[in-house]
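Given next are the chains, with one letter for each unit.
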Amino acid sequence: MHHHIEGEQHRPGRIEVVCGSMFSGKTEELIRRMKRAKFAKQRVEIFKPALDTRYSDNDVVSHDQNAIPSTPVETSSSILLLSSDIEVVGIDEAQFLDMGVVDVCNELANRGVRVIVAGLDMDFRGVPFGPMPALCAIADDVTKVHAICVRCGNLAYVSHRLVQNEKQVLLGEKMEYEPLCRECYLKELKK
């Protein structure tokens, strides 16, 4: 076992998933973990779906404008090709990737890579989103982070869509979505 900096020593491969609603700090937590790994002098690479161009074409950017350089990918298989000799792989907005990302994460972890995945666990309807449920199932560690409900201040449960559009994937932020707790979300559905 190589020791870098206390608390960030190299460990055998593993998968860490950070999930929750929009505005819950998922990307912020991914950036924090990646920066710590970099500080520990580990070789890191962060990937994001090429379709996520909200704040930047190349960087992973949180709603608080924290940023880290990343490599946009069209498919999850590209991650395997681009991450040889990388010790820590970060993947943001994993819900937008294909189901192959589950096998990609397993393969990387089995090679001894630490994989940190962030993504929405549910879509705007409260339905498990893309590969996220499967990633949570195979993860060594799952961190569920919560936004605050904008209506009542309780922990948010879902990203409620504010605009009329039934497509599952609609890139957006505060103009298109708001975090709601379960109770406020159910009230909204009854309107």
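Scope of this entry: the structure provided in the associated data block. (Residues numbered from 1 in each chain as written. Predicted model: local features only at pLDDT ≥ 70, side-chain atom pairs only at ≥ 80, totals over all residues. Heavy atoms only, no water.)

**A few points about the side chain of S21**
As for its placement among the helices and strands, S21 is situated in the loop between β1 (14–20) and α1 (26–39). The residues contacting S21, other than those within four sequence positions of it, are K26, L120, D121, V145, A147, A156, Y157, V158, S159 and P179. (Helix = DSSP H or I, 4+ residues; strand = E, 2+ residues; numbered from the N terminus. Contact = heavy atoms within 4.5 Å.)

**Focus: the side chain of E93**
Positionally, E93 belongs in the loop between β6 (88–91) and α3 (100–110). We classify E93 as buried; its relative accessible area is 8%. Polar side-chain contacts of E93 include one of 2.6 Å to the side chain of Q95. (Buried < 20%, exposed > 50% of the residue type's maximum accessible area, 1.4 Å probe, protein only. Polar contact = N/O pair within 3.5 Å; in protein donor to acceptor, adjacent residues only side chain to side chain.)

**Here we look at the state of the cysteines**
Tallied over the entire structure, the rule returns zero disulfides. Unpaired in terms of disulfides, C19 finds its nearest cysteine sulfur in C136, a separation of 4.1 Å. Free cysteine: C152, not disulfide-bonded; nearest cysteine sulfur from C181 at 3.6 Å. Given a relative accessible area of 40%, C152 falls into the partly exposed group. (Disulfide = S-S within 2.5 Å.)

These results come straight from atomic positions and should not be treated as a statement about function.
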